[in-house]
Amino acid sequence: MSGKKLRVATTSLAGCFGCHMSLLDIDERLIDLLELVEFDASPLTDKKHPGPCDLALIEGGLCNAENVHVLRELRKQCKILVAVGACAITGGLPAQRNNLDVRDCLRSVYLSGPGLAGGGLIPNDPELPLPLAQVHPLHDVVKVDYFLPGCPPSADAIWQFLTDLLAGRTPALGHGLIHYD
Amino acid sequence: MSDPKNTFSLDGHEVPVTAGQTILQAAEASGSWIPTLCHHPEFEPHGSCRVCTVKLNGRTVSACTTPVRAGDVVELDTEELKGLRQNLVQFLFTEGNHFCPSCEQSGDCRLQAVGYALGVTGGHYNPLFPSRRVDASHPDVLLELNRCILCELCVRASAQVDKKDIFALSGRGIDKQLVVNAESGRLADTNLALSDKALSVCPVGAILKKRQGFLVPIGKRTYDERSIRERDLDRAKEDPQ
C-alpha cells in the first residue's frame, strides 16, 4: 500500500447511528485504521459536505427527500459506496411503515394518537425534509458497490470488511460474521 | 478410485452413486452440500424453490428431484450456478417482507441461513414491499404471510402427516399465496393443533408457535454456532437416504 491515506466519508440517513457505534466498537483497532484512512465528511469530523473520497460508508435507508440528496452527493464524490446495515440494505425498521399511508402515520403521531393533549399540528416548516411515501434501500436510488449486512454489523464484521477492502481483496464475511439481524 | 461404472462426476470428482438416488442424496452422501429450501428429508422432493439447481450433463435441473446415473456429469459449485442461486435467494427476499432484526425465527431460519452460506449480502433487486395478511386469530399459532416463500411444506405436512388439509396455495404468479382451509380463511376456525407436523416444518418465520419465539436466545440458535452446510451434512450422515 502507498503512503497516501484513503479518504473515507460516513453518514447516517434513516438510521439510528447503531452502525456508527459498531464502527467505534472496533476499539483499539481504530488506531490501526487511522494509519490507513482519514475521515472526510462524517459525524466523526462534523464536516457537512463530502469532498472527493475513496470510500463512503452509509448507514440507514431513505425516508425523506434530504436522505436522497445526501446519498446522491456522496455517490458523486466517492469511488466505492458501501451500504452498511439492515436499513441501508433493506429499508430496515423505518420501512416497516411502507404499507401504511404516510398521512395516516403523521396524523396518528401528531393529532390523534394516544396520550396527546389535543390541538397539535403536523410539523410543516419549509426547512423540514418531506417524508417519502415509502422508505427505500440505497440501491433503489444509486449504484451500491458493497453491502455490509447486520443490525448492526458486528465490530468484527466491520473490521473484516474494511481490512479486506483496504488490502485490495473482495470483502468476504464468513460464518458468524455475516448476519442480517 | 471407485468403479467408474458406479460413479458420476461432481465438479470433476468421481462420486459413488446407488440406483434410485437423486443428485442431492448422492452429493450429500459424499459430503457435498447442496442448498435447499422447499426440500425436507421426510417428504417427497418438491423441486419448487430451485435453490438446489445444478447442471446435469449441461442442463439445469433441481438436484432434489432429479435421479443421477453412473457416468453423469454434474456441475454444482461453478461461478455461474453460485450466482444463479444467489439471485434466487435475493428474489425470495425482495418478493416478501423479510425483516430479520424483528423476526422470532432469526437464527433458526433456513432462508436466512442459506443466504449466509451463499454469501448473499444485499438484495440487489428493488424490494416489492408487498402488503400481506397476518393471521393472529389462533390462540397458539401465528401465521405471518409476509414471510411465506410458498415452499408448500406446511401444505404437504398437513395433508400427508396430519391428514387435515389445513393449508393450500391459491392464485397465480406474483399473487400466489398461502390460504387457510376454513370458510372464514382464519386459522382459528380450523382444527389445527400444537402437535401438528405442519407447525414444525416451516423453513422461515411464516408459521410460528406463539409465546415460544425467544425461549432460545439469539446467538444460541440452530444456525448460530454451526452453519447450515455443516448441519445439513450431519443430518444426511445420521439419516442416509
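Sequence order as written defines residue numbering, which begins from 1 separately in each chain. Each chain gets a letter, beginning with A, and each ligand a number, beginning with 1, in the order they are written. For a predicted model such as this one, the threshold for reporting local features is a pLDDT of at least 70, and the threshold for listing and counting side-chain atom pairs is 80 or more; totals across whole chains, interfaces and linings nevertheless cover every residue.

### A look at the overall build of chain B
Next, step 1: To qualify as a helix, a DSSP run of H or I must reach at least 4 residues; to qualify as a strand, a run of E must reach at least 2; elements of each kind are numbered from the N terminus. What chain B contains, in helices and strands, is six helices and 10 strands.
Next, step 2: Considering only C-alpha atoms, chain B reaches an extent of 60 × 40 × 40 Å along its principal axes.
Next, step 3: The buried share of chain B, taken over its 241 residues, is 38%. Whether a residue is buried, exposed or partly exposed follows from its count of other C-beta atoms within 10 Å of its own C-beta, namely 20 or more, 12 or fewer, or something in between, respectively; the C-beta atoms are built from the backbone.

### Some words on the overall build of chain A
Next, step 1: Secondary structure summary: chain A contains six helices and seven strands in total.
Next, step 2: The proportion of buried residues among the 181 residues of chain A is 38%.
Next, step 3: Note on contacts: each residue gets a C-beta atom placed from the backbone, and two residues are in contact if those atoms are within 7 Å. Long-range pairs, those at least 24 residues apart, make up 77% of the contacts in chain A between residues at least 6 apart in sequence.

### A closer look at the interface of chain A and chain B
Next, step 1: Taken together, the 24 residues of chain A in the interface contact 16 residues of chain B.
Next, step 2: Elements with a minimum of two residues in the side of chain A that touches chain B: helix H4 (85-90) and strand E7 (146-148) of chain A.
Next, step 3: Of the residues forming the side of chain A that touches chain B, the biggest block, three residues, is contributed by H4 of chain A.
Next, step 4: Class assignment for the residues of the side of chain A that touches chain B results in 14 nonpolar, eight polar and two charged. Each residue is assigned to one class: nonpolar for Ala, Val, Leu, Ile, Met, Phe, Trp, Tyr, Cys and Pro, charged for Asp, Glu, Lys and Arg, and polar for all the others, Gly among them.

### Overview of the environment of Asn191 of chain B
Next, step 1: Relative to the helices and strands, Asn191 of chain B resides in the loop between strand E9 (177-180) and strand E10 (207-209).
Next, step 2: Measuring from C-alpha to C-alpha, the distance between Asn191 of chain B and Gln212 of chain B comes to 20 Å, with 21 residues separating the pair along the chain.

### Brief notes about the environment of Val135 of chain A
Residues and elements named next belong to chain A.
Next, step 1: Turning to its location among the elements, Val135 is positioned in strand E6 (residues 131-136).
Next, step 2: Classification of Val135 by C-beta neighbours within 10 Å gives buried; the count is 28.
Next, step 3: When residues no more than four places from it in sequence are discounted, the contact partners of Val135 are Ala14, Gly61, Leu62, Cys63, Gly91, Pro94, Ala95, Arg97 and Asn98.

### Describing the pairing of strand E8 (residues 167-170) of chain B
Consecutive side chains along a regular strand alternate between the two faces of the sheet.
Residue and element names in this part refer to chain B.
Next, step 1: Note on pairing: DSSP must find at least two bridges between two strands before they are called paired. In terms of strand pairing, E8 meets E9 through four bridges, oriented antiparallel. From the neighbouring strand, Leu169 faces E9, where its bridge partner is Leu178.
Next, step 2: Between the antiparallel neighbours E8 and E9 lie six residues, among them Gly171 with a positive phi of about 90°.

### Focus: the sheet that holds strand E7 (residues 141-144) of chain B
All names here are of chain B.
Next, step 1: With antiparallel pairing, the three strands of this open sheet are ordered in space as E6-E7-E10. Both edges of this open sheet fall to strand E6 (134-135) and E10, since each of them pairs with a single strand only.
Next, step 2: Bridge count for E6 against E7 is two bridges, and the pairing is antiparallel. Each residue of the ladder has a partner; that of Val134, found in E7, is Glu144.

### Things to note about the confidence of the model for chain B
Next, step 1: Across chain B, pLDDT averages 95, with 98% of residues at or above 70.
Next, step 2: In the predicted complex, the global pTM is 0.95; the interface-specific ipTM is 0.93. The predictor attaches a confidence to each residue, and that confidence, scored 0 to 100, is pLDDT.

### Considering the sheet that holds strand E2 (residues 13-16) of chain B
Consider a sheet: its strands pair through backbone hydrogen bonds, and that pairing is either parallel or antiparallel.
Residue and element names in this part refer to chain B.
Next, step 1: Sheet architecture is open: five strands sit in the order E2-E1-E5-E3-E4, paired in mixed fashion. Because the sheet does not close on itself, it has two edges, and the strands there are E2 and strand E4 (59-62). Pairs of neighbouring strands in the sheet enclose a mean axial angle of 35°, with direction left out of account.
Next, step 2: Sheet analysis places strand E3 (residues 53-56) next to E4, joined by four bridges and oriented antiparallel. Within E4, the position partnered with Thr53 by the bridge is Ser62.
Next, step 3: The convention used is that axes are lines fitted to C-alpha atoms, helices contributing only their stretch in contact, and that angles between N-to-C directions extend from 0 to 180 degrees. The strands that helix H2 (residues 79-95) touches are E3 and strand E5 (73-75); relative to E3, the one it contacts most, it runs at about 150°.

### Things to note about helix H4 (residues 153-160) of chain B
Side chains that are three or four residues apart share a direction in an α-helix, a result of its 3.6 residues per turn.
Next, step 1: Counting buried positions along H4 of chain B yields six of eight residues, so the element is predominantly enclosed.
Next, step 2: Regarding H4 of chain B, the residues found buried are Leu153, Cys154, Val155, Arg156, Ala157 and Ser158 of chain B.

### Considering the nonpolar core
Next, step 1: Ala56, Ile58, Val82 and Ala83 of chain A together with Ala27, Val114 and Cys154 of chain B are the most contacted members of the largest nonpolar core, which has 102 residues in total.
Next, step 2: Where a domain begins and ends is set by an automatic assignment or by a domain database. Mapping this core onto the domain boundaries places at least three of its residues in each of domain 1 (4-85 + 230-238) and domain 2 (103-222) of chain B.
Next, step 3: Those residues in contact with Ala27 of chain B that lie beyond four places of it in its chain are Leu10, Val15, Ser32, Ile34, Ala63 and Leu76 of chain B. By our criterion, buried Ala, Val, Leu, Ile, Met, Phe, Trp, Tyr and Cys residues that link up through C-beta atoms within 7 Å make up a nonpolar core.

### Digging into helix H3 (residues 65-77) of chain A
Residue and element names in this part refer to chain A.
Next, step 1: Here the expected length of a helix is defined as 1.5 Å per residue gap, with one fewer gap than residues. Taking 1.5 Å of rise per residue, 13 residues should cover 18 Å, and H3 covers 19 Å from first to last C-alpha, within 8% of that figure.
Next, step 2: Among all positions in H3, only Asn67, Val70, Leu71 and Leu74 are buried. Axial view of H3: buried residues confined to an arc of 100°, hence all on one face. Away from its buried face, by an angle of more than 90 degrees, H3 presents the exposed residues His69, Arg72 and Lys76.
Next, step 3: Taken together, the buried residues of H3 touch strand E1 (6-12), strand E3 (53-59), strand E4 (62-64) and strand E5 (78-84). Here the arc refers to the directions that run from the helix axis out to each C-beta atom.

### Here we look at unusual backbone geometry
Glycine aside, the phi torsion of most residues is negative, and most peptide linkages are trans.
Next, step 1: Backbone torsion omega between Cys151 of chain A and Pro152 of chain A reads -5°, so that peptide bond is classified as cis.
Next, step 2: Residue placement: Pro152 of chain A occurs in the loop between E7 and helix H6 (155-166).
Next, step 3: Although it is not a glycine, Asp46 of chain A sits at a positive phi angle of roughly 65°.
Next, step 4: Structurally, Asp46 of chain A is set in the loop between strand E2 (37-39) and E3.
Next, step 5: Asp46 of chain A gets classed as exposed once you count the C-beta atoms within 10 Å, which come to 7.
Next, step 6: Of note, Arg211 of chain B is a non-glycine position whose phi angle comes to about 65°, a positive value.

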